[in-house]
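# Structure at a glance
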Amino acid sequence: MKPIIGITGNYDYEADFTWLKNDYINAINRAGGTAIILPPVEDEEIINHYINMCNGFLFSGGGDMDPKYWGELPDRRLGEINPIRDNFEYNLLQKILGSSLPVLGICRGCQVLNVAMGGTLYQDINTKLSHNQRAPRDYPFHAIVIEEKTKLFKIIRQSNIRVNSFHHQAVKKLGAGLKISAIAADGIIEAIESENHPFVVGMQWHPECLEDEYADKLFRALVKHSSLHCR
Ligand code: MN
């Protein structure tokens, strides 16, 4: 059936490029999906077409989210923000969350998911543990603990795994209807999921860069849930 998975693209203001790292596309296609890139747009009608076209969504990694979305002013340690992408992903998520379509949010995608559900972020995390590895992207850098009785645990079937880490922001206040599904040793939230949707899951790490069985299980779970929405 190869369900269509829309992956949110990046927009480069300077070069006027829409782009996406191929790792995301490969991960979806390897898991049995059909990956397509969704360019960030403002037009609501186009966003509605994205919703009608796709059987599931992957919110990809990227820069920081503008803290205006949770009512804060920019901290001096805030990184680069991308207004068109923030606006697009926020609006697209509102529509997705009003449906039963599945979503996997990766890194920035996990953060946008939390904010779209009314949560807040740390603009710059400041714990003793490093969450920004200077190591190959496929190197599992720090441990996480996955909470039992979560969808994430049902997928991964392990409490203790190691993951890669390339983030300086993280979930602070949890959005409405979300629960924590994984946590790092310093208390940083590493994964969240909706209690009210069949499959709305976000993680801080980058499974698309990992080639272990856990990463494959995540993408296969997204594709499996998306196949229920094939028309
Ligand atoms: Mn981390």
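No experiment lies behind these values; they were computed from the predicted model shown. (Residues numbered from 1 in each chain as written. Predicted model: local features only at pLDDT ≥ 70, side-chain atom pairs only at ≥ 80, totals over all residues. Heavy atoms only, no water.)

### So, the coordination of the manganese ion
Six octahedral donors around a metal ideally make angles of 90 or 180 degrees; four tetrahedral donors ideally make 109.5 degrees. Applicable threshold: Sites may look incomplete, because water is not among the atoms used; the donor set itself consists of N, O and S atoms within 2.8 Å of the metal (3.2 Å for Na, K and Ca). Helix and strand definitions here come from DSSP, where helices need a minimum of 4 consecutive H or I residues and strands a minimum of 2 consecutive E residues; each element is numbered from the N-terminal end. Relative accessible area decides the class of each residue, using a 1.4 Å probe on protein chains only: under 20% of the type maximum gives buried, over 50% gives exposed, and in between gives partly exposed.
Protein coordination at the manganese ion: the donors are His-131 (ND1), His-142 (NE2), Ser-165 (OG), His-167 (NE2) and Glu-190 (OE), at 2.3 Å from the metal. Written as a sequence motif, the donor residues of the manganese ion are H-x10-H-x22-S-x1-H-x22-E. With a gap of 25 residues between them, His-142 in strand 8 (residues 142–146) and His-167 in the loop between strand 9 (160–163) and strand 10 (170–171) connect regions that are remote in the sequence. Judged by relative accessible area, His-142 falls into the buried class, the value being 4%. The class for His-167 is buried, based on a relative accessible area of 4%.

### Structural notes on the environment of His-229
Here His-229 lies in the segment after helix 6 (213–227). Judged by its relative accessible area of 21%, His-229 is partly exposed. Expressed as a C-alpha distance, the spacing of His-229 and Pro-3, which sit 226 residues apart in the sequence, is 7.9 Å.

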